[in-house]
Amino acid sequence: MLAGWPSRRHPVRLSRHSGRRTSTCSPAAVSSRRSHRHCCRMSLAAAASPPFPPSWAYPIRVAASQGQFLQAISLFLQMRASVAPRSSVPASLPAALKSCEALALRALGASLHALAIRSGAFADCFTANALLNLYIKLPGLHRPSGTHGPSGKGGTESATLEGARKVFDEMPDRDVVSWNTLILGCAENGRYQDALCMVKEMWREGFKPDSFTMSSVLPILAEQADITKGMVVHGFAIKNGLDADVFVGSSLIDMYANCTRMDYSVKVFDSLPDRDIILWNSMLAGCAQNGLIDVALRIFRQMLHAGVRPVPVTFSSLIPACGNLALLRLGKQLHAYVIRGRFNDNMFITSSLIDMYSKCGNISIARHIFDGIQSPDIVSWTVMIMGYALHGPATEALVLFERMELGNVKPNHLTFLAVLTACSHAGLVNKGWEYFNGMSDQYGIAPSIEHCAALADILGRSGELDEAYNFISNMKIKPTASVWSTLLRACRVHKNTILAEEVAKKIFELEPRSMGSHVILSNVYSASGRWNEAAHVRKSMRNKGMKKEPACSWIEVKNKLHVFVAHDNSHPWYNRIVDALNIYSEKMRHLGYVPNMEDVFQDIEEEQKRDVLCGHSEKLAIVFGIISTPPRTTIRVMKNLRICVDCHTATKFISKIAAREIVVRDVNRFHHFKDGNCSCGDFW
């Protein structure tokens, strides 16, 4: 038994807890699985209800169970209009209430509530449970007059739960389904602490939580990444034989994955006797969320070997993860599975592939996939436009946007963000204003804080610093620190120290511990030779316990990821890399290369500054890629920070000397270096 691993002797202590859910499976999917299971239980409960006359109650129940809700309601109303036995009303009410919920018939639902009270059917647990579920599922449903209605103080969701809670409190008879219905209602409405408190209340009232209760509570603990309470629930599940349930198992996998304990997720997965596609997808999503893409692919192969056929959602975590980590090789493997499994007609998967290839630096394949779509949807158009925006061809991005409009596909807020990003990376100020104003004027889309930040970035990058400052100061939305940060970065690029100081003050008022802004301000001071002020900013960072994020670059060579940190000599090829870099530096000088010292923010001698520049992580990664791959192989390097001016200039020279195409993705965009030129046109 591993230390900390739940045992059957683990005590049950469920305590207060709140938070929002961010599990490895989508919240909607988890909610759907729980709601579906609850509906199944409600149907089984209805099946166990007392028999009723076949003339009316039976066909009503059959229609509702088969999803023919209008038919069920029609039969119920016909029954009420006829001279039917009194026993038909309570026998058919659960099915009628279920149909009201499915059809969102609020007024009829309230009438059925009154009927349940008058007829005495409310005393039946099955009818009361159906009524409770109706109040939770239909926001705005008011309880009939003569009872205590909701206060309405907390808005629609609050009123809905208040009404449901009153129904629950007035129930003369309750069972586990009653408790689970209300617990799930609280969880789905974001009332997480209330849901957890209800589990304790349920336990005190003598009702034993079941697998449905567990699968409702565990996502809340996953949201908070509270592994301690999660393990308590896990221990309870083991002790009471609930750990083999597929819904509990998938919820445990999600919870441990959200707590970055994939080793525990694997143990839960291995212990489950029956694994359905939900469990496999939970494991795949957990691995992807924690960056374990190689493990995810191994599990994916095991799933195929076990005869479990993937579904579209299987790829929803894996393909984007490959894009975010720039793992082109693994992304291509998944693409092959998509083609073999004939999923390439699925629009969601196709859009994910376009996004993945764009983020991995291969915009040509992304465009090839896009061109193969017969009728692109808004997601496909948007990811392709954003791909071009990040890679440099702003004209291509804007042409696609115009084509999309001509095709009667209405842009959304993300599409405009992609277009504004394209304008920013190309310095298109007038176009940027045109698209920004067109959002609301033509499409009725109110600009969000992200759109405002994008326009501020357009102005700042283009050197329109005063206009950017005025725009941010007069925004209808209160500017955040991130919006001001776009201007601070522009002040650094355009060497405006006075404005940088003023902008930095605004940022520190909003976010006193903004690491990036402290670093940029320090660099602004250093670039202008104000070493004392720069030292003061760095001292302030140390006093606040803030550490600068180290620059690092990574490259995938022969199925292995190689990471380089600035001035780190730990790589086994380090000496060979430095020797090759020295050779390239000598050839570069003969071609006119002059080191740019502006980005060396240290008060040191010129010779020392040259040594600092040679140790930059992207240079080490690029040279390693060249000496470790065959001639003419494209070099793809990713960096966590903005590429500096000197490295940008040096890479242009290296691409010409080595006759290589070099693709560098920094924090802002892609740079395609070829024959001594860069796709950004030296504007980034």
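Cut-off values and rules
- Residues numbered from 1 in each chain as written.
- Predicted model: local features only at pLDDT ≥ 70, side-chain atom pairs only at ≥ 80, totals over all residues.
- Heavy atoms only, no water.
- Helix = DSSP H or I, 4+ residues; strand = E, 2+ residues; numbered from the N terminus.
- Buried < 20%, exposed > 50% of the residue type's maximum accessible area, 1.4 Å probe, protein only.
- Contact = heavy atoms within 4.5 Å.
- Areas by Shrake-Rupley, 256 points an atom, 1.4 Å probe, with all protein chains shown as cover.
- Salt bridge = Lys/Arg side-chain N within 4 Å of Asp/Glu carboxyl O.
- UniProt positions renumbered as here; feature names shortened; annotations may be inferred.
- Expected span 1.5 Å × (residues − 1).
- Arc of directions from axis to C-beta.
- Pairing = 2+ DSSP bridges.
- Patch = residues over 30% accessible without salt bridge, like charges linked within 9 Å, V, L, I, M, F, W, Y side chains within 5 Å.
- Lys, Arg positive; Asp, Glu negative; His and termini not counted.
- Charge placed at Lys NZ, Arg CZ, Asp CG, Glu CD.
- Phe/Tyr/Trp six-rings, centres within 6.5 Å; stacked < 30°, edge-to-face > 60°.
- Lys NZ or Arg CZ within 6 Å of the ring centre and 35° of its normal.
- Disulfide = S-S within 2.5 Å.
- Core = buried A, V, L, I, M, F, W, Y, C linked by side-chain atoms within 4.5 Å.
- Axes fitted to C-alpha atoms, helices over the stretch in contact; angles between N-to-C directions.
- Parallel < 35°, antiparallel > 145°, perpendicular 65-115°, else oblique.

Draft legend 1. Quick peek at the overall build of the chain. For the chain, the helix and strand inventory stands at 33 helices and 6 strands. When each of the 684 residues of the chain is scored for burial, the buried share is 51%. Here the contacts in the chain between residues at least 6 apart in sequence split such that 66% fall between residues at least 24 apart. Split by element, the accessible area of the chain, about 31100 Å² in all, is 53% carbon and sulfur.

Draft legend 2. Up close: unusual backbone geometry. Phi at Thr260 is positive, roughly 60°, even though this residue is not glycine. Here Thr260 lies in the loop between helix H12 (246-258) and helix H13 (262-271). Thr260 gets classed as exposed once you look at its relative accessible area, which sits at 56%.

Draft legend 3. The pattern of salt bridges, seen in detail. Following the criterion strictly, the structure yields 20 salt bridges and no others. Asp270 is the salt-bridge partner of Arg275, the closest N and O atoms lying 3.9 Å from each other. For the salt bridge of Arg329 with Glu556, the shortest nitrogen-to-oxygen distance reads 3.2 Å. Here Glu556 lies in strand E1 (residues 552-557) and Arg329 lies in helix H17 (residues 328-340), a separation of 227 residues in the sequence. Salt bridges linked by common partners bring Glu162, Arg191 and Asp194 together as one network.

Draft legend 4. How the structure looks around the UniProt feature "repeat: PPR" (unreviewed entry) in the chain. Per the UniProt record, the feature "repeat: PPR" (unreviewed entry) sits at residues 175-209, 276-310 and 377-411. Here residues 276-310 is 74% helix and 0% strand, with 11 Å between the C-alpha atoms at its ends. The distance from the first to the last C-alpha atom of residues 377-411 is 10 Å, and the span holds 77% helix and 0% strand.

Draft legend 5. How the structure looks around helix H9 (residues 192-204). End to end, H9 covers 19 Å across 13 residues, agreeing with the expected 18 Å (1.5 Å per residue, within 8%). Among all positions in H9, only Tyr192, Ala195, Leu196, Met198, Val199 and Met202 are buried. End-on, the buried residues of H9 take up no more than an arc of 155°, which puts them together on one face. Of the residues one or two after H9, Gly206 is the one with positive phi, at around 90°.

Draft legend 6. Inspection of the pairing of strand E5 (residues 670-674) at higher detail. In terms of burial, E5 is largely enclosed, as 4 of its 5 residues are buried. Relative to E5, strand E4 (residues 662-665) is paired through 4 bridges, and the arrangement is antiparallel. Residue pairing across strands places Arg665 opposite Phe670, the latter belonging to E5. Linkage of E4 to E5, two consecutive antiparallel strands, is achieved through a turn of 4 residues. Bridge analysis of E5 against strand E6 (residues 677-678) gives 2 bridges, and the strand direction is antiparallel. Bridge pairing in E6 places Phe673 opposite Cys678.

Draft legend 7. Examining the sheet that holds strand E3 (residues 635-639) more closely. Pairing is mixed in the open sheet, where 6 strands are placed in the order E2-E1-E3-E4-E5-E6. Either end of the sheet is taken by a strand with one partner, and the two such strands are strand E2 (560-565) and E6.

Draft legend 8. Inspection of the side chain of Thr497 at higher detail. Position of Thr497 relative to the elements: it lies in helix H27 (residues 497-510). Relative accessible area serves as the criterion here: at 13%, Thr497 is assigned to the buried category. Here Thr497 is in contact with Val524, Tyr525, Ser528 and Arg530, once residues within four sequence places are set aside.

Draft legend 9. Highlighting a positive patch on the surface. A surface patch of like charges, here positive, comprises Arg538, Lys539, Arg542 and Lys548. By secondary structure assignment, the location of Lys539 is in helix H29 (residues 531-543). Under the relative-accessibility criterion, Lys539 is labelled partly exposed at 46%.

Draft legend 10. Geometry of the packing of aromatic side chains. Applying the stated criterion to the full structure yields 19 aromatic pairs. Arranged with centres 5.5 Å apart and planes meeting at 55°, the rings of Phe315 and Phe343 form a pair that is tilted. Of this pair, Phe315 sits in helix H16 (residues 315-324) while Phe343 sits in the loop between H17 and helix H18 (347-359), placing them 28 residues apart in sequence. Residues Trp433 and Phe471 carry aromatic rings whose centres are separated by 5.7 Å and whose planes lie at 90° to one another, so their mutual orientation is edge-to-face. Note that Trp433 is positioned in helix H23 (residues 429-443) and Phe471 in helix H25 (residues 465-473), a separation of 38 residues in sequence. The class for Trp433 is partly exposed, based on a relative accessible area of 24%. Accessibility expressed as a relative area gives 13% for Phe471, which makes it buried. When the ring centre of Phe508 is taken as reference, the NZ or CZ atom of Lys544 above it lies at 5.9 Å. Over the aromatic face of Trp573 sits the side chain of Arg576, whose NZ or CZ is 3.9 Å from the ring centroid.

Draft legend 11. Molecular detail of the state of the cysteines. Under the definition given, this model contains 0 disulfides. Not part of a disulfide, Cys360 finds its nearest cysteine sulfur in Cys322, a span of 6.9 Å.

Draft legend 12. Broad picture of the nonpolar core. In terms of nonpolar packing, the biggest core is built from 162 residues, with Phe471 and Leu487 touching the most fellow members. Those residues in contact with Leu487 that sit more than four places away from it in its chain are Leu465, Ala468, Tyr469, Ile472 and Val503. By size, the runner-up hydrophobic cluster in this structure holds 30 residues, among which are Tyr584, Tyr593, Val623 and Cys647.

Draft legend 13. Examining the packing of helix H30 (residues 574-590) against helix H32 (residues 617-627) more closely. Look at H30 against H32: their axes get within 9 Å of each other, and the N-to-C directions meet at 95°. Classified by the angle between their axes, H30 and H32 sit roughly perpendicular to one another. The segment H30 lies against H32, with Tyr574, Arg576, Ile577, Ala580, Leu581 and Tyr584 engaging Leu620, Val623, Phe624, Ile626 and Ile627.

Draft legend 14. Up close: the environment of Met546. Examined against the element boundaries, Met546 turns out to sit in the loop between H29 and E1. As for Met546 and Ser514, which are separated by 32 residues in sequence, their C-alpha atoms are 9.0 Å apart. For Met546, the residues in contact, after removing those within four places along its chain, are Arg513, Ser514, Met515, His518 and Met541.

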